[in-house]
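Notes for the structure review
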Amino acid sequence: MKADKWWKDKVIYQIYPKSFKDSNGDGIGDLRGIIEKLDYLKDLGVDILWLSPCFQSPFADQGYDISDYYAIAEQFGTMQDLQELIDESRQKGMDIILDLVINHCSDEHEWFQKACQDPDGRYGKYFYIKDKRADGRCPTNWRSYFGGSVWSELPGHPDKLYLHVFHKKQPDLNWENPEVRKELYKMICWWLDKGIAGFRIDAIRNIRKPKVFEDYAADGEDGLCNIERMIEHAHGIGEFLTEMRLKTFDRYNAFTVAEVSGDVTEDLTSYVGQEGYFSSIFDFREIELSYSEDIRLHCPKITAEDYKEACFTSQYAFSQCGTPVNVIENHDGPRAVNRFIPRGEICPESKKMLGALYYFMKGIPCIYQGQELGMENPGFHSPDEFQDVASIYSYQYSLQQGLSPAEAMKVTEAMSRDNSRTPMPWDNRAFGGFSTVSPWIKTTDDYTERNVAAEQRDENSVLCFYKKMAALRRDARYKKTLVEGSFTPKWKTKKNLMAYVRKADKEILVVGNYKNEPDRIVMEAPYTTVLLNNYAEDPEDKIEIRLKPYQLLIMEI
Ligand code: TEU
Ligand code: CA
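Fair warning: this is a prediction, and the values are worked out from it, not measured in the lab. (Residues numbered from 1 in each chain as written. Chains lettered and ligands numbered in written order. Predicted model: local features only at pLDDT ≥ 70, side-chain atom pairs only at ≥ 80, totals over all residues. Heavy atoms only, no water.)

**Let's talk about the site of ligand 1**
- Around ligand 1 sit 17 residues in total, of which Asp61, Asp202, His331, Asp332 and Arg417 are the nearest.
- In this structure, His104 approaches ligand 1 through a side-chain N or O atom, which is 3.0 Å from an oxygen atom.
- Separating an oxygen atom of ligand 1 from a side-chain N or O atom of Glu259 is a distance of 3.1 Å.
- When ligand 1 is considered free in solution it has 490 Å² of accessible area, and contact with the protein chains removes 93% of it.
- Partitioning the shell around ligand 1 into residue classes produces 6 nonpolar, 3 polar and 8 charged. (Near = heavy atom within 4 Å. Polar contact = N/O pair within 3.5 Å; in protein donor to acceptor, adjacent residues only side chain to side chain. Areas by Shrake-Rupley, 256 points an atom, 1.4 Å probe, with all protein chains shown as cover. Nonpolar A, V, L, I, M, F, W, Y, C, P; charged D, E, K, R; others polar.)

Structure below.
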């Protein structure tokens, strides 16, 4: 068994298997493709590879709708391929974690199929199946995450409805039923026995439902309310999460990082404290700056000050109780640079600054595939280019709200989850060397210049900068400070500048000049060494430091 908290000095890399590397020329990324690229990942300096779902699925929500928890999606390969991936990663000193999607399964899962055959039988109790109200209305007016009611008619039973907080092909599992929990725990242990190191845990806050199913105040023309209201009315999720931890993860000393939506600052100790439900949770405060309850029609500009405040708030909250996983992008939204850097100012310097500011905060950095290349949103020109259910819905909903097709396109594109799902560009061959045929989703236009091979050759590339960050984090001289050191904001009131000090046996200052103009800082004492700089020359003066636009400096002080 691994040492206690073995994961705390690691770096996570998220792989979206469908878009990482296609090994057999069908336009779809696969497990053998990942195996081919293990040396690349090792060289990047990452330790834990999180694979988005690779299980059998009809792919209504790109694999987040699982029809068999014990089988690998055919497009992705075989169980043997996965075992090889686990073993080969291990040999190279990396660990695999899988995506645990247990709030819901697919409507094509055997359990749901049996529930449809006999809603009053054993499997009917695996889901939330209810009768329509006397007047034909749904039991509640909750709006699903992807839009529309959370209730759909149970196939073959016009009088019955089943609950799905996501897509209708993702029926929610009934966690109140002990048999469901037992089945899920069995499955979790089965995977841990295969030698994976843990899980990223999907949408977990949704597993607890309110005791009473009732309407809440409508917040849209559709008469429905945001699904967040449901979560606010559901209490006692800890019962389930503690039970799961004791029956599964604890027995393997597994690493778990949960996707916990909404603000749980008040409850953080229960989630990530010494006896917490999980090893860690993602800090989404920065990413969530883009969401408004207004059904994601808006993608407000996030300023440097907003970003900084979100980071400092989270760092303070976690400092009291546990370790966050820090993220700036994932498979559920636009690329970080498009989100956090003003248009027109997206350049290698600003990309590196953004990368380093989050990477060196306290916590475990998580890199999403392509982030290390400084990948940008691909630009979608027509609604036909969207593959994601959420984007397809958002476009239609925007039209219903009276937006013109051009406006609907604009708002959907800004937040589309497809932005980050484009194929990983490996070199300048057709389709970026991702595949030999046209991939399942469009490729970024700039892949001839922005690709792994080109960035490996250029020592000033974003990719090489990410490698330098990894090298610094694991440098024996600084590791203790960068992993365990305290976090203290510096020059907090200075506008459009984000700085903090990490302190343990050493003291390290991280400064990002978060704007397209120069600035100046005055140190209390001369710095000793520059550890990282996104410009070629180090500052001339060691006290009065002139910062260039978007300059990032890490100094030992
Ligand atoms: O996402 C959970 C979630 O809350 C999403 O609705 C998120 O807010 C949205 O994707 C942002 O547009 C997880 C997965 O990360 C996502 O890919 C899945 O679609 C979802 O669960 C259902 O499994
Ligand atoms: Ca393939």
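**Some details on the pairing of strand E10 (residues 255-258)**
- Alternating positions in E10 separate into two faces, Phe255 and Val257 on one and Thr256 and Ala258 on the other, with burial throughout.
- Sheet topology places strand E9 (residues 198-201) next to E10; 4 bridges connect them, and they run parallel. Along E10, the bridge assignment pairs Phe199 with Thr256. (Buried < 20%, exposed > 50% of the residue type's maximum accessible area, 1.4 Å probe, protein only. Helix = DSSP H or I, 4+ residues; strand = E, 2+ residues; numbered from the N terminus. Pairing = 2+ DSSP bridges.)

**With respect to the pattern of salt bridges**
- Here the structure, examined in full by the defined rule, presents 52 salt bridges.
- Across the pair Glu385 and Lys442 runs a salt bridge whose closest N-O atoms are separated by 3.5 Å. Here the residue Glu385 occupies a position in the loop between strand E13 (364-368) and helix H13 (389-400), and Lys442 occupies one in the loop between helix H14 (405-415) and helix H15 (452-457), the gap between them amounting to 57 residues.
- Note that Lys548 and Glu537 form a salt bridge whose closest N and O atoms lie 3.6 Å from each other. One end of the pair, Lys548, is in the loop between strand E19 (544-547) and strand E20 (552-556); the other, Glu537, is in the loop between strand E18 (529-533) and E19, with 11 residues separating them in the sequence.
- Three or more residues joined by partner-sharing salt bridges are found here, namely Asp61, Asp332, Asp388, Arg417 and Arg421. (Salt bridge = Lys/Arg side-chain N within 4 Å of Asp/Glu carboxyl O.)

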